[in-house]
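# Coordinates in review
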Amino acid sequence: MGSQSVAALTFEWHWSNMPGPIHQGLLFLLKRNPELVFQLAHDFDTRIPPQHRKFEFASNEIPSPAKDGNILHADWLVAAVCEKQPAVRRVAGLAVEVQTTDDVLKLYSWLSYAAGVRNVFRCRGWTIVFAPDADVRRRAQNMFAAETRASPWFVEPHMLPPIHSVKQAAKNIDRAVLTAVFHARSEVGVACVRATLEAMKKVAHEYRRVYGDLMRAMMTEEQLEQIPERLFEIDDDAPLGPMELTGAYYVRGHREGREEGREEGREEGIEQGRTAEARALILRVLDRRGVKLEEDQRRRIEASSDLSVLEVWLDRALTATGAAQLFE
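What you see is a predicted model; the values in this text were computed from it and never measured. (Residues numbered from 1 in each chain as written. Predicted model: local features only at pLDDT ≥ 70, side-chain atom pairs only at ≥ 80, totals over all residues. Heavy atoms only, no water.)

### Quick word on helix α9 (residues 208-218)
So the rule is basically this: Categorising residues by exposure relies on relative accessible area from a 1.4 Å probe, with only protein chains included: less than 20% of the type maximum marks a residue as buried, more than 50% marks it as exposed, and the intermediate range marks it as partly exposed. Labels follow the DSSP assignment, with helices taken as runs of H or I lasting at least four residues and strands as runs of E lasting at least two, numbered in each case from the N terminus.
Of all eleven residues in α9, eleven are buried, a share of seventy percent or more. Of the positions making up α9, those classed as buried are Arg208, Arg209, Val210, Tyr211, Gly212, Asp213, Leu214, Met215, Arg216, Ala217 and Met218.

### Concerning the side chain of glutamine 99
Short version of the rule: Here a polar contact means two N or O atoms within 3.5 Å. Within protein one must be a hydrogen donor candidate and the other an acceptor candidate, and residues neighboring in sequence count only if both atoms are side-chain atoms.
Looking at where glutamine 99 falls in the secondary structure, it is placed in the loop between β5 (90-98) and α4 (106-121). Side-chain polar atoms of glutamine 99 contact the backbone oxygen of threonine 101, separated by 2.8 Å.

### Regarding the pairing of strand β4 (residues 76-81)
Stated formally: A pair of strands is considered paired only if DSSP assigns at least 2 bridges between the two.
Where burial is concerned, most of β4 is hidden: six out of the six residues are buried. Bridging between strand β1 (residues 55-58) and β4 involves four bridges; their strand directions are antiparallel. If you follow phenylalanine 55 over to β4, its bridge partner there is alanine 80. Looking at chain direction, β4 and β5 are connected through six bridges and run antiparallel. Considered in β5, the bridge of alanine 79 is made with glycine 93.

### Concerning the pattern of salt bridges
Here is the rule: Within this document, salt bridges are pairs made up of a side-chain nitrogen of Lys or Arg and a carboxyl oxygen of Asp or Glu, the two lying within 4 Å of each other.
One pass over the structure, following the stated rule, counts 14 salt bridges. Here arginine 32 and aspartate 174 are joined by a salt bridge, their closest N and O atoms 2.6 Å apart. With a gap of 142 residues between them, arginine 32 in the loop between α2 (21-31) and α3 (34-42) and aspartate 174 in helix α7 (residues 173-183) connect regions that are remote in the sequence. Under the relative-accessibility criterion, arginine 32 is labelled partly exposed at 31%. A salt bridge links glutamate 229 to arginine 216; its shortest N-O distance comes to 3.4 Å. Taken as a pair, glutamate 229 in the loop between α10 (221-224) and α11 (242-246) and arginine 216 in helix α9 lie far apart in primary sequence, 13 residues in all. A residue is classified by how much of its surface remains accessible, and arginine 216, at 9% relative accessible area, is buried. Here the salt bridges share partners, and the residues they tie into one network are Asp102, Asp135, Arg138, Arg139 and Asp315.

### Brief notes about the packing of aromatic side chains
The criterion, for reference: Two rings from Phe, Tyr or Trp (for Trp, the six-membered ring) form a pair when their centres are within 6.5 Å of each other. A pair whose planes differ by under 30 degrees is stacked, one over 60 is edge-to-face, and the rest are tilted.
Counted under the stated rule, the structure contains eleven aromatic pairs. Ring geometry for phenylalanine 28 versus tyrosine 207: centroids 5.0 Å apart, planes at 80 degrees, classification edge-to-face. With phenylalanine 28 in helix α2 and tyrosine 207 in the loop between α8 (189-203) and α9, the pair connects residues that are 179 residues apart, well separated along the chain. Given the relative accessible area of 15%, phenylalanine 28 is considered buried. Aromatic side chains tryptophan 110 and phenylalanine 144 sit 6.2 Å apart centroid to centroid with 25 degrees between the ring planes, which places their arrangement in the stacked category. Taken together, the residues tryptophan 110 in helix α4 and phenylalanine 144 in the loop between α5 (134-143) and β7 (153-154) connect sequence positions 34 residues apart. Phenylalanine 144 matches tryptophan 110 in its accessibility class, with the two residues each being buried.

### Comments concerning the nonpolar core
Basically, it comes down to this: Residues enter a nonpolar core if they are buried and are Ala, Val, Leu, Ile, Met, Phe, Trp, Tyr or Cys, with the set joined through side-chain atoms within 4.5 Å. Throughout, a residue-residue contact means that at least one pair of heavy atoms, one from each residue, lies within 4.5 Å.
Ranked by size, the top nonpolar core spans 54 residues in total, and within it Leu30, Leu94, Phe130 and Leu178 carry the most contacts. Elements with a contribution of two residues or more to this core: α2, α3, β4, β5, β6 (125-130), α7, α8 and α9. Of all the elements, α7 adds the most residues to this core, at seven residues. With sequence-adjacent residues up to four places away left out, phenylalanine 130 is seen in contact with Leu26, Leu30, Val37, Leu40, Val96, Glu97, Val98, Gln99, Val155, Leu178 and Phe182. Core analysis: the second largest hydrophobic core is formed by 37 residues, Ala74, Ala150, Leu286 and Val291 among them.

### Brief notes about the sheet that holds β4
Our working rule: Axis definition: a line fit to C-alpha positions, over the contact stretch in the case of helices; interaxial angles, taken between N-to-C directions, run 0 to 180 degrees.
Read from one edge of the open sheet, five strands run β1-β4-β5-β6-β7, paired in mixed fashion. With one partner strand each, in any of the chains shown, β1 and β7 form the two edges of the open sheet. The strands that α2 touches are β4, β5 and β6; relative to β5, the one it contacts most, it runs at about 165 degrees.

### As for the pairing of β5
The test is simple: Here, the term right-handed applies to a crossover whose path from the first strand over the helix to the second runs clockwise when the strands point away from the viewer.
Of all the nine residues making up β5, eight are buried; the element is thus mostly covered by neighbouring parts of the structure. Assessed by its sense of winding, the connection that carries the chain from β5 through α4 to β6 is right-handed.

### Some words on the packing of α7 against α8
Each pair of packed helices gets described by two things: the angle between the helix axes and the distance between those axes. Using the following cut-off: Angle categories: roughly parallel below 35 degrees, roughly antiparallel above 145, roughly perpendicular from 65 to 115, and oblique for all the rest. Helix crossings get a hand from a simple test, with the near helix turned counterclockwise from the far one by less than a right angle marking a left-handed crossing and a clockwise turn marking a right-handed one. All amino acids are sorted into three groups, where Ala, Val, Leu, Ile, Met, Phe, Trp, Tyr, Cys and Pro are nonpolar, Asp, Glu, Lys and Arg are charged, and the leftover types, Gly among them, are polar.
Contact geometry for α7 and α8: axes closest at 8 Å, N-to-C directions at 155 degrees. As judged from the angle between their axes, α7 and α8 are roughly antiparallel. Considering the relative orientation of α7 and α8, their crossing is left-handed. The residues of α8 that touch α7, namely those facing Ile173, Ala176, Val177, Ala180 and His183, are Gly189, Cys192, Val193, Thr196, Ala199, Met200 and Val203. Counted by class, the contact of α7 with α8 contains nine nonpolar, three polar and no charged residues.

Listed below in structure tokens is the structure:
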């Protein structure tokens, strides 16, 4: 590794990767549904009660167990509290992470989050990761392949059976949205999203705007063409919810009638951002692993704008012993 410290790299990485609509929308959903988070955690450890209704929340700042004075930032800290005890007894604590981009530094921080959440709540604790993008999830899991005991829990699509019935989706809108997000790019994705949108319209769900944007952001252009635009339509005079009122992403354009331009600009920005992130991450991974690059090889990476190629190079960067293997 170069002269930069891990802390400096962490700051630089997160400064350049501000949360987008998928990250913020999904985290908003999870924070409204701690019982759903603990139901999924039960799949990893059956000692965690699958049905729980009493919770305790904490600041997302975690004192680093590795170095005094260092502060780590998880997305959310929550603990399940036993309802039958007269005094507070925490059953389990979770550091909840929403991951939408590649970040090699999570190899270190996620393990620290698990230790930190135990310290904060004084009970058993784990890190649970919600990464709806299959490729991002796979690459994150691969970072822990050589030491699985250090791995966080990764929520998988099979843990959320598809919901493509409007009636079923209406019974639990929040779970239906989470399910649609994790199945969005699959063969049942369109059916799940459409059923959930129909259900939200039917029951006039208060967070329909936020959840609609979240599901839309997960889908490809071809998939969106299969869903009637009327299902995404929101009354411009409808009041904004708490998340929308505090988020510039939701406030801009919604009331100004520039939906089409906003959507095109957002898609273009997302694509450019992902390629820039991929290039930066490839160089960081190679640097951390001590793989030296010739100047022309570095320029080739920095000049690439093909996301599919960059993703291949990123996969190879995790295991390559020499720069030549990256471009084979």
